[in-house]
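Report on the structure
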Amino acid sequence: MTKFLFVSDLDNTLVGDDQALEELNQKLKQHRQEYDTKIVYTTGRSLTLYQQLRDEKHLLTPDALVTAVGTEIYYHVGDHPDPTWSEQMASGWDRETVINTASHFADLTPQPETEQRPFKVSYFLSEVVAADVLFELEDLLQKRGLSVRLIYSGSKDLDIIPRRGNKGAAMQFLRQNWGIEATQTVVCGDSGNDIALFSVDKERGIIVGNALPELLRWCEINPADYRYLAKSHYAAGILEGLYYFGFFK
Ligand code: GLC
Ligand code: MG
């Protein structure tokens, strides 16, 4: 076995089955000790909500933590986010205009304050009207010259973030800084905001068995032999995939 970069979403991917999580944690911990394998969590949560989850579940301390859908990267909780990454997020980003533009849409309900971040503006949006609203909002944002990315997940959450910021781009930034090949990297997810993780290079992808239709549909349209659809759910699905790709034996 050799060193690899382990990158996983938290809610409903790594977290969801406490027993399987414990088993995966043990294996990853040992692998990190023996081979210097790196562990990264990429979540839509803010640092505040990450800390809440960390209080509730047993999570290994990651080598890096990517929060707010890829817009912030931390190496230690309590530190400032990686300034190089923040600088990249800042270029061309105009938070006020994003908020003003979104305020024209009555169907967009702002998420709690903790989830509004310097480079992420988030709303709740019902699935019934989502397609129309997303189309019109994107059009209006473009007309105002904003280079942003709209990410709709779980049939309810809309995140508006800088075009260069997403989970995949943050993963690639860390992978390249650490000098790890795409083929020695495994990315795991279950929902819409994880799609970016699966579309950078030839990173090995694990889609857990409980993945949402939005991600499964995307996988059908973009098939790749370096992506594995696990049968098992949550951490058990991740374990299944790690054996499938030969990272675990
Ligand atoms: C997490 C975040 C929320 C975001 C969602 C989808 O639940 O707390 O702000 O919209 O992930 O990315
Ligand atoms: Mg998730």
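So, how was this worked out
- Residues numbered from 1 in each chain as written.
- Chains lettered and ligands numbered in written order.
- Predicted model: local features only at pLDDT ≥ 70, side-chain atom pairs only at ≥ 80, totals over all residues.
- Heavy atoms only, no water.
- UniProt positions renumbered as here; feature names shortened; annotations may be inferred.
- Buried < 20%, exposed > 50% of the residue type's maximum accessible area, 1.4 Å probe, protein only.
- Helix = DSSP H or I, 4+ residues; strand = E, 2+ residues; numbered from the N terminus.
- Arc of directions from axis to C-beta.
- Contact = heavy atoms within 4.5 Å.
- Polar contact = N/O pair within 3.5 Å; in protein donor to acceptor, adjacent residues only side chain to side chain.
- Pairing = 2+ DSSP bridges.
- Axes fitted to C-alpha atoms, helices over the stretch in contact; angles between N-to-C directions.
- Donors = N, O, S within 2.8 Å, 3.2 Å for Na, K, Ca; no water.
- Near = heavy atom within 4 Å.
- Core = buried A, V, L, I, M, F, W, Y, C linked by side-chain atoms within 4.5 Å.

Naming follows an unreviewed UniProt entry, where the protein chain appears as sucrose-phosphate phosphatase of Floridaenema aerugineum BLCC-F46. The annotation that UniProt attaches to the protein chain under Pathway (unreviewed entry) is "Glycan biosynthesis; sucrose biosynthesis; sucrose from D-fructose 6-phosphate and UDP-alpha-D-glucose: step 2/2."

1. Regarding helix α3 (residues 83-90)
Within α3 the residues assigned to the buried category are Trp 85, Ser 86 and Met 89. For α3, the angular spread of buried residues about the axis comes to 100 degrees, placing them on one side. Of the exposed residues in α3, the ones pointing more than 90 degrees away from its buried face are Pro 83 and Glu 87. Considering only its buried residues, α3 is in contact with β4 (72-74), β8 (157-162) and α6 (167-177). A side-chain oxygen of the first residue of α3 lies 2.9 Å from the backbone nitrogen of Thr 84; this N-cap is Asp 82. Gly 92 sits one or two residues past α3 and shows a positive phi near 85 degrees.

2. A short note on the sheet that holds strand β5 (residues 109-110)
Note: strands within a sheet are paired through backbone hydrogen bonds, in either parallel or antiparallel orientation. Reading across from one edge, β5-β6-β8-β7 is the order of the four strands in this open sheet, with antiparallel pairing throughout. A single partner strand is all that each edge strand has here, and the edge strands are β5 and β7 (148-153). Bridging between β7 and β8 involves six bridges; their strand directions are antiparallel. Looking at the pairing, Ile 151 lines up with Asp 159 of β8. Together, β6 (121-124), β7 and β8 form the strand contacts of helix α4 (residues 95-102), whose direction differs from that of β6 by roughly 20 degrees.

3. Description of the coordination of the magnesium ion (ligand 2)
Around a metal, the perfect tetrahedron of four donors has angles of 109.5 degrees, and the perfect octahedron of six donors has angles of 90 or 180 degrees. Donor atoms from the polypeptide that coordinate the magnesium ion (ligand 2) comprise Asp 9 (OD), Asp 11 (O) and Asp 190 (OD), at 2.1 to 2.3 Å from the metal. Counting the intervening residues between successive donors of the magnesium ion (ligand 2) yields the motif D-x1-D-x178-D. One end of the pair, Asp 11, is in the loop between β1 (5-8) and α1 (18-35); the other, Asp 190, is in the loop between β9 (185-189) and β10 (204-207), and 179 residues separate them in sequence.

4. Focus: the site of ligand 1
In the vicinity of ligand 1, the contacting residues are Gly 44, Arg 45, Leu 49, Val 69, Gln 111, Glu 115, Lys 120, Ser 122, Asp 157, Asp 159 and Asn 193. Within the side chain of Lys 120, one N or O atom sits 2.8 Å away from an oxygen atom of ligand 1. Separating an oxygen atom of ligand 1 from a side-chain N or O atom of Asn 193 is a distance of 2.7 Å.

5. As for the environment of Leu 216
Looking at where Leu 216 falls in the secondary structure, it is placed in helix α7 (residues 213-221). Placed 25 residues apart in sequence, Leu 216 and Ser 191 show a C-alpha to C-alpha distance of 8.5 Å. Not counting residues within four places of it along the chain, the set of residues in contact with Leu 216 comprises Ile 207, Ala 211 and Leu 229.

6. As for the nonpolar core
Judged by nonpolar contacts, the single largest core of 43 residues is most densely connected at Leu 108, Leu 125, Leu 137, Leu 158, Ile 160 and Leu 215. Beyond its immediate stretch of four places on either side in the chain, Ile 160 contacts Trp 93, Val 98, Phe 119, Lys 120, Val 121, Tyr 123, Leu 137, Val 148, Arg 149 and Leu 150. By size, the runner-up hydrophobic cluster in this structure holds 31 residues, among which are Leu 21, Tyr 50, Phe 247 and Phe 248.

7. Structural notes on the sheet that holds strand β2 (residues 38-42)
Taken in spatial order, the seven strands make up an open sheet running β4-β3-β2-β1-β9-β10-β11, and their pairing is mixed. Looking at strand neighbours, the two that pair on one side only are β4 and β11 (227-229), the edges of this open sheet. For this sheet, the mean angle separating the axes of adjacent strands, direction not counted, is 15 degrees.

8. Considerations on helix α2 (residues 47-56)
Among the residues making up α2, those that are buried are Leu 47, Tyr 50 and Leu 53. The arc enclosing the buried residues of α2, seen along the axis, measures out at 115 degrees, which places them on a common side. Opposite the buried face of α2, at more than 90 degrees from it, the exposed residues are Asp 55 and Glu 56. Against β2, β3 (64-67) and β4 lie the buried residues of α2.

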